[in-house]
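Listed below are the residues making up each chain.
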Amino acid sequence: MAGEGNQKILFSIPGKQHGNGTVHMAWQGDGNYLATVGSSRQAQVCDRYGQVVDDISLTAGGTVVAVDWDSDGETLAILQQNNSALILWNATTKASSMLETNTKDLCWLQWSKTGPELAVGSAKGNLVIHNKRTTRMVSLLGKHSRKITCGTWNKLNQLVLASEDKTVSVSSNQGEGIGSSIAVKGEPSDIQTQFQSGKKSNSFHVSLVVGGKSIMLLDATDGEKPLEMAFLPKYGNVACHRWISHDKMIVGFQSGYITILSMAAGNQGTQLLERQVSKSPIATMATSLECNRVAVVTDSSINFFDTLEIRDVPEERIVLPGIGHRVLWGADGSTLTVSLTDGTVVHYLVSMPVMNASYGTVVAYMGSLREVVVRDIASVMVSRKPLAIKIVMEPSFLAVGRNHVAMGTNNLCWFYACDKEDRLVNEAEYMGTVDAVSMNSSRAAVRYDGQVQLHMIQGDPDGKHTVSFPAGPDEAGITSSVLTEQFLIYGSADGGIVYYSLEDRSRPNEYRHIVGIKAVYSNTPGTRLVVVDDANIGFMYNPVDTTMMEIPRFPRDCSAVFWDMQDPLVFAAVAPKVAVTFRYVQESLRGASVVEVGTTELASNAHPIVLINGEFVCQAPAGGVNYVALDTHSMLAAHSVPPVDSPSRPDMVMKSKFQQALKLGQLETCFDLAFDLDDMPTWDALRQEAFEALDVPLALRVAR
């Protein structure tokens, strides 16, 4: 692949399969099957790895006009020119059937996004709606007076159509008109719909290109006067447009320009970004809400824009092996499919699916869709080669222990030994869909349907050492669990926190919280536990004295907590785009406490796996790992790049390191720095902190 980013080609379909010209493509809703057909009239369905699932026989009719999947991903509809019958292909049975519409000159087709209805339009303005559940078919003659050129279903299961008669209609799923048709000044094209949040929760906007010159915005709910947006002459004609959020839109032009506009009430049409991405026309665009990207296709490249930060992402640009024509995102936003004018279809892995796990300094992550990489971050300096495990099926969950890695999908789990041969050592099937797996050196704790099954990873074929939790029907369902070398620790929906001893099969510690437990995060030995309850409040639980201490300024939208593998008293709570560093103070003049050390802004594509000495090891979008130092450790972390405004004088650098180490309670590091600095304010600060921490020996060393 010729490209500027790190995208990988997962598969490609050669142009001779489809023939030159337009290739009609459609991904099944869950992203498992891709249907393609071109001028060669050879319709084909392949899976997400490029393996052919079925070749669909077409009728003697003309070229294919449209293909589309229903909302269930069960039925593919194919429309051909000069044929009043549609081909319906069933994804379960791999069988085709014919649906006769008794309507001539069919030219447009689309399934409902939420219901069982299939809408088909004709060149004479007639409309047919077929309900696949009831098999009822409604024919509406004269829905428009001329050819139906484009249309779309909205989330209210209403159908919006545009026609060469220069009108736009809104209909129910039965084809009944909603309000009057709306007249426009030019021929409408590229029709889109978008929900608007706010006081009118069920309102939606219709946007369309009018005569290639402007974009018209209609509120199809209240019939207010349409808003027409014209553009500067330098842009040329409008090529296409897409909504990138409920209040933002991107517009592409024949001149190669794109512009991102605010569509917020009272601010509609305000330009947020302008770029000329090519001197050739914009061919098409596609938006993915899952990865917050819009892909803009020009004649020879795909350019990406971040829809949250409203910026271009040049490092992700793809140079195409031909002239781009159409583009589709995969269901999860990790893949992108593009067709070229010579009939070639290329399927790219744009970003790796976010799936990772850690145990101590051992991490596991997706190296490709069917490859799991296991590596010990602590051994990077001695150049120990990562272990790459080839798998036959893309997993939906992943876990790693000291000696094993586990992965699986639905209720199946495969366990591999983390040795040079990546041996499959066990396969397990559970009674429900697996929610999470945690492992230690020899056992696995598998959570599903509010239960946890604790079993040996290998060497226990009869299941004598298998234990299930909760122990009895009176106990509430388990919501979160973690496995250490000594304990299985879990939280339940009724607020229970349980420590189960692996050695003597007892419950040496139990606690009842006032509300349900949402998540538990243990340090390595299990001696301290961060607990997040159903009110999204964070607590520090001490199993030694069964005390529960609320964590101040704990982020209410916390998605994960990471204990530092090198500093056992430091942890970071991760929320969207931010990480908050905390320090657990075991002993002090004021007693035990948890103090906030500071916050760090995280990029939207930062996916932490483990925290080591103030640095997140993150899963990189293109595979591999990268390092993100917390701002609280910016002068101390191994891979950290000092902030731009950090001091450059050696003594000032040491003072900055001293201040960070002091806040983190790293008093021995502070002593070494104070010795080098050798000034009274530094010694005084360290002496005071040592007394505060009840570290009398260090305080006496400082006093000398």
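Quick caveat, the model's predicted, so the values are computed rather than measured.

*Asks:* What is the right way to look at the overall build of the chain in this model?
*Replies:* Helix and strand counts for the chain stand at 5 helices and 60 strands. Principal axes of the C-alpha set define a box for the chain whose edges measure 95 × 65 × 50 Å. Looking at the 704 residues of the chain, the share that counts as buried comes to 54%. Both charge centroids of the chain, one from 58 positive and one from 74 negative side chains, sit 6 Å from each other.

*Asks:* Explanation requested: the pairing of strand E3 (residues 33–37) in the structure shown.
*Replies:* Within a regular strand, side chains alternate between the sheet's two faces. Among the 5 residues that make up E3, 5 are buried, leaving the element largely enclosed by the rest of the structure. The alternating pattern of E3 places Tyr33, Ala35 and Val37 on one face and Leu34 and Thr36 on the opposite face, and all of these are buried. When strand E2 (residues 24–27) meets E3, the two strands line up antiparallel, connected through 4 bridges. Pairing of Ala26 across the sheet is with Ala35, part of E3. Across 4 bridges, E3 lies against strand E4 (residues 43–47) in antiparallel orientation. Each residue of the ladder has a partner; that of Thr36, found in E4, is Gln44.

*Asks:* Just checking my understanding: could you explain the nonpolar core for this structure?
*Replies:* Among soluble globular proteins, nonpolar side chains are generally buried collectively. Counting 21 residues, the largest nonpolar core has Val372, Val374, Val400 and Val405 as the members making the most contacts within it. Those elements that place two or more of their residues in this core are strand E34 (356–359), strand E35 (362–368), strand E36 (371–376), strand E37 (387–390), strand E38 (397–400), strand E39 (404–409) and strand E40 (412–417). The element contributing the most residues to this core is E35, with 3 residues. Every residue in contact with Val400, bar those within four places of it in the chain, is listed here: Ala357, Ser358, Tyr359, Val362, Ala364, Val374, Val405 and Met439.

*Asks:* Just checking my understanding: could you explain the packing of aromatic side chains for this structure?
*Replies:* The relative placement of two aromatic rings is captured by the distance of their centres and the angle of their planes. One pass over the structure, following the stated rule, counts 17 aromatic pairs. Plain terms: the ring middles of Tyr33 and Trp89 are 6.3 Å apart, the flat faces sit at 65° to each other, and that makes the pair edge-to-face. A residue pair is termed long-range when its members are at least 10 positions apart, and Tyr33 in strand E3 and Trp89 in strand E8 (residues 85–90) qualify at 56 residues. Since its relative accessible area comes to 17%, Tyr33 is described here as buried. Classification of Trp89 by relative accessible area gives buried; the value is 0%. Ring geometry for Phe231 and Phe253: centres 5.1 Å apart, planes at 70°, overall edge-to-face. Of this pair, Phe231 sits in the loop between strand E21 (227–230) and strand E22 (238–245) while Phe253 sits in strand E23 (residues 248–253), and the two are 22 residues apart along the sequence. Of the residues examined, Phe253 reaches a relative accessible area of 0% and is grouped as buried.

*Asks:* Help me understand the sheet that holds E36, please; the structure alone is not making it clear to me.
*Replies:* Strand pairs in the sheet, formed through backbone hydrogen bonds, run parallel or antiparallel to each other. The strand order E34-E35-E36-E37 describes an open sheet built from 4 strands, whose pairing is antiparallel. A strand with exactly one partner marks an edge of an open sheet, and here the two such strands are E34 and E37. The sheet shows a mean angle of 25° between the axes of neighbouring strands, taken without regard to direction. Note that E35 and E36 share 6 bridges and pair antiparallel. Residue Val363 lies in a different strand from E36, and its bridge partner there is Arg375.

*Asks:* Is there a simple way to explain the pattern of salt bridges in this structure?
*Replies:* Side-chain pairing between opposite charges can occur once the charged atoms of the two side chains come close. Tallied over the entire structure, the rule returns 23 salt bridges. Linking Glu164 and Arg146 is a salt bridge whose minimum nitrogen-to-oxygen distance equals 3.6 Å. In this pair, Glu164 is assigned in the loop between strand E15 (159–163) and strand E16 (167–171) and Arg146 in the loop between strand E13 (137–140) and strand E14 (148–153), connecting sequence segments 18 residues apart.

*Asks:* So what exactly am I meant to see when it comes to the environment of Val531 here?
*Replies:* Mapped onto the fold, Val531 is located in strand E51 (residues 529–533). Accessibility expressed as a relative area gives 0% for Val531, which makes it buried. Along the primary structure Val531 and Ala519 are separated by 12 residues, whereas in three dimensions their C-alpha atoms are 6.0 Å apart. Those residues within four positions of Val531 in sequence are excluded, and the remaining contacts are Ile497, Ile517, Ala519, Val520, Ile537, Gly538, Phe539, Tyr541 and Met548.

*Asks:* Would you explain the sheet that holds strand E1 (residues 8–13) in this entry?
*Replies:* Spatial ordering of the open sheet is given by E1-E33-E32-E31, a layout of 4 strands whose pairing is antiparallel. Looking at the sheet topology across the chains shown, the edges are occupied by E1 and strand E31 (324–329). On average, each strand axis in the sheet is inclined to that of its neighbour by 20°, with strand direction left out of account. Pairing between strand E32 (residues 335–340) and strand E33 (residues 345–349): 5 bridges, direction antiparallel. Of the residues in E33, the one forming a bridge with Val338 is Val346.

*Asks:* Even after reading the chapter, I still don't get the pairing of strand E59 (residues 615–619), so can you show me in this structure?
*Replies:* The buried count for E59 comes to 5 of 5 residues, which makes it a mostly enclosed element. Across the two faces of E59 the burial is the same, with Glu615, Val617 and Gln619 and Phe616 and Cys618 all buried. Two elements, strand E58 (residues 608–612) and E59, share 4 bridges in a ladder whose sense is antiparallel. Looking across to E59, one finds that Leu611 is bridged to Phe616. Counted between consecutive antiparallel strands, the loop separating E58 from E59 contains 2 residues, among which Asn613 sits at a positive phi close to 50°.

About the thresholds
Within each chain, residues carry numbers counting from 1 in the order of the written sequence. Local features are withheld for residues below a pLDDT of 70 in this predicted model, meaning they are given only at 70 or higher, and side-chain atom pairs are given and counted only at 80 or more; totals for whole chains, interfaces and linings count all residues. Based on all heavy atoms of the structure, the side-chain values leave hydrogens and waters out of the count. Elements are defined by DSSP. Helices are runs of H or I of four residues or more, strands are runs of E of two residues or more, and each kind is numbered from the N terminus. To sort residues, take the accessible area from a 1.4 Å probe on protein chains only and compare it with the maximum for the residue type: under 20% means buried, over 50% means exposed, and anything in between is partly exposed. A residue counts as positive if it is Lys or Arg and as negative if it is Asp or Glu; His and the chain ends are not included. Where a charge lies is defined by one atom per residue type, namely NZ (Lys), CZ (Arg), CG (Asp) and CD (Glu). Whether two strands pair depends on DSSP finding at least two bridges between them. Remark: nonpolar core denotes a set of buried residues (Ala, Val, Leu, Ile, Met, Phe, Trp, Tyr, Cys) joined through side-chain atoms within 4.5 Å. In this description, contact between two residues means that some pair of their heavy atoms is separated by no more than 4.5 Å. Any two rings among Phe, Tyr and Trp, with Trp reduced to its six-membered ring, count as a pair given centres within 6.5 Å; such a pair is stacked if its planes are under 30 degrees apart, edge-to-face if over 60, and tilted if neither. Helix axes use the C-alpha atoms of the stretch in contact, all axes being lines fitted to C-alpha atoms, and the angles between their N-to-C directions lie in the range 0 to 180 degrees. Between Lys or Arg on one side and Asp or Glu on the other, a salt bridge is scored when a side-chain nitrogen of the former is within 4 Å of a carboxyl oxygen of the latter.

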